[in-house]
Amino acid sequence: MSRFPLLLFLLPLAVAAQDQFEIQIYEWETVPKRMWSLETHLNFMGHGTKEFDGPMAPTNSQFHMTYELTHGITDNFEIAGYLVTARRPHGGVLDFAGWRLRPRFRLPKSWRLPFLFSLSTEVGFPRQIYEQNSATLELRPIIEKTWGKVQLDVNPTIGRALRGPGAHDGWDFEPGVRLAYALRPRLEPTLEYYGSTGRPFDPLPRREQVHQFFPGADLQIKENVVWNIGIGVAATPAGNQLIYKMRLGYLFGP
């Protein structure tokens, strides 16, 4: 499987506003101690929402670019910062959309648990034209299991608003799953799933839930460079219906 971490993910709180800036299922591995990882996320909403939702702009034809810089503090702990930008149709140059901070730790493989486990905690500060809430929190457990050439990653994510109109709504459940197959030493076809279903024990009606599927692939261009592509389609009328995503990751350091 991938030899360096393809980490991260953002925070979505409103169901229809599920995160479309950093579309990624986190894997267990963290950035090695004293090393750096720079990831660039490029996403385009091919078929999104068409009307304003309060102060939040429609997502249709929006282009998103997110920079994520991560540093390995110890063998099992990393911290990452995000710069989030966007371009709306007829909006000219890229617009500042917010920033985020994410620490993450992992349990060592030497513990010999039935599965690999790590936990990401992220706080985000988006602009309200891209997210109704101005401060958000996300807790993302990462569970990973490998069988031969097959790798499964599950992210049972929960998130909530800390400041904004959704601050009193409690937690939202946003599960994510990644299934990868090591077809060749540097090529992994993947299938990713992203959902947003409402409160953990009080789900929304089926048509209001977000369920998106992304067939794609990870290509290891060099030992320290990975390229991910995917096309997402929605299984319900909620949220964005067609999404193109790409990610380029670069590992560097002493």
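To start, this report covers the structure provided alongside it. (Residues numbered from 1 in each chain as written. Predicted model: local features only at pLDDT ≥ 70, side-chain atom pairs only at ≥ 80, totals over all residues. Heavy atoms only, no water.)

A look at the overall build of the protein
Alright, step 1. Broken down by element type, the protein carries zero helices and 14 strands.
Alright, step 2. For the protein, the sequential pattern of α-helices and β-strands runs β-β-β-β-β-β-β-β-β-β-β-β-β-β.
Alright, step 3. Residues counted as buried form 49% of the 254 residues belonging to the protein.
Alright, step 4. When contacts within the protein are restricted to residue pairs at least 6 apart in sequence, long-range pairs at least 24 apart make up 56% of them.
Alright, step 5. Of the accessible surface of the protein, which amounts to about 11700 Å², a share of 65% is contributed by carbon and sulfur atoms.
Alright, step 6. Once the 27 positive and 25 negative side-chain charges of the protein are each reduced to a mean point, those two points are 5 Å apart. (Helix = DSSP H or I, 4+ residues; strand = E, 2+ residues; numbered from the N terminus. Buried < 20%, exposed > 50% of the residue type's maximum accessible area, 1.4 Å probe, protein only. Contact = heavy atoms within 4.5 Å. Areas by Shrake-Rupley, 256 points an atom, 1.4 Å probe, with all protein chains shown as cover. Lys, Arg positive; Asp, Glu negative; His and termini not counted. Charge placed at Lys NZ, Arg CZ, Asp CG, Glu CD.)

Examining the pattern of salt bridges
Alright, step 1. Counted according to the given criterion, the structure contains 13 salt bridges.
Alright, step 2. Among the ionic pairs, E188 bridges to R178, the shortest N-O distance being 3.0 Å. In this pair, E188 is assigned in strand β9 (residues 187-196) and R178 in strand β8 (residues 172-181), connecting sequence segments ten residues apart. For the residue pair E188 and R178, the accessibility class agrees, reading buried in each case.
Alright, step 3. Where salt bridges share partners, they join E27, D153, R178, E188 and D218 into one cluster. (Salt bridge = Lys/Arg side-chain N within 4 Å of Asp/Glu carboxyl O.)

Examining a nonpolar patch on the surface
Alright, step 1. Nonpolar side chains collect at one region of the surface, where W36, L38, Y67, L69, I73, I79, L83, F96, W99, L101 and Y250 lie side by side and expose about 930 Å² of accessible area between them.
Alright, step 2. The set of elements that each furnish at least two residues to the nonpolar patch consists of β1 (36-47), β2 (63-74), β3 (77-87) and β4 (95-106).
Alright, step 3. Relative to the elements of secondary structure, I79 occurs in strand β3. (Patch = residues over 30% accessible without salt bridge, like charges linked within 9 Å, V, L, I, M, F, W, Y side chains within 5 Å.)

Points about unusual backbone geometry
Alright, step 1. The residue R34 is not glycine, and still its phi comes out positive at about 70°.
Alright, step 2. Among the secondary structure elements, R34 is positioned in the segment before β1.
Alright, step 3. Even without being a glycine, S61 presents a positive backbone phi close to 65°.
Alright, step 4. Secondary-structure assignment places S61 in the loop between β1 and β2.
Alright, step 5. Taking the relative accessible area as the measure of exposure, S61 reaches 28% and is therefore partly exposed.

Let's talk about the environment of R88
Alright, step 1. With respect to the secondary-structure elements, R88 resides in the loop between β3 and β4.
Alright, step 2. In contact with R88, other than residues within four places in its own chain, are A57, Q62, D95, I129 and Y130.
Alright, step 3. One polar contact links R88 to Y130, side chain to side chain, over a distance of 3.3 Å. (Polar contact = N/O pair within 3.5 Å; in protein donor to acceptor, adjacent residues only side chain to side chain.)

Topic: the packing of aromatic side chains
Alright, step 1. Per the stated rule, a full pass over the model turns up six aromatic pairs.
Alright, step 2. Centroid distance W99 to F125: 4.6 Å. Interplanar angle 25°. Geometry classified as stacked. Of this pair, W99 sits in strand β4 while F125 sits in strand β5 (residues 116-126), and the two are 26 residues apart along the sequence.
Alright, step 3. Given the relative accessible area of 42%, W99 is considered partly exposed.
Alright, step 4. Between the aromatic rings of Y193 and F213, the centroid separation amounts to 5.2 Å while the plane-to-plane angle is 45°, which identifies the pairing as tilted. (Phe/Tyr/Trp six-rings, centres within 6.5 Å; stacked < 30°, edge-to-face > 60°.)

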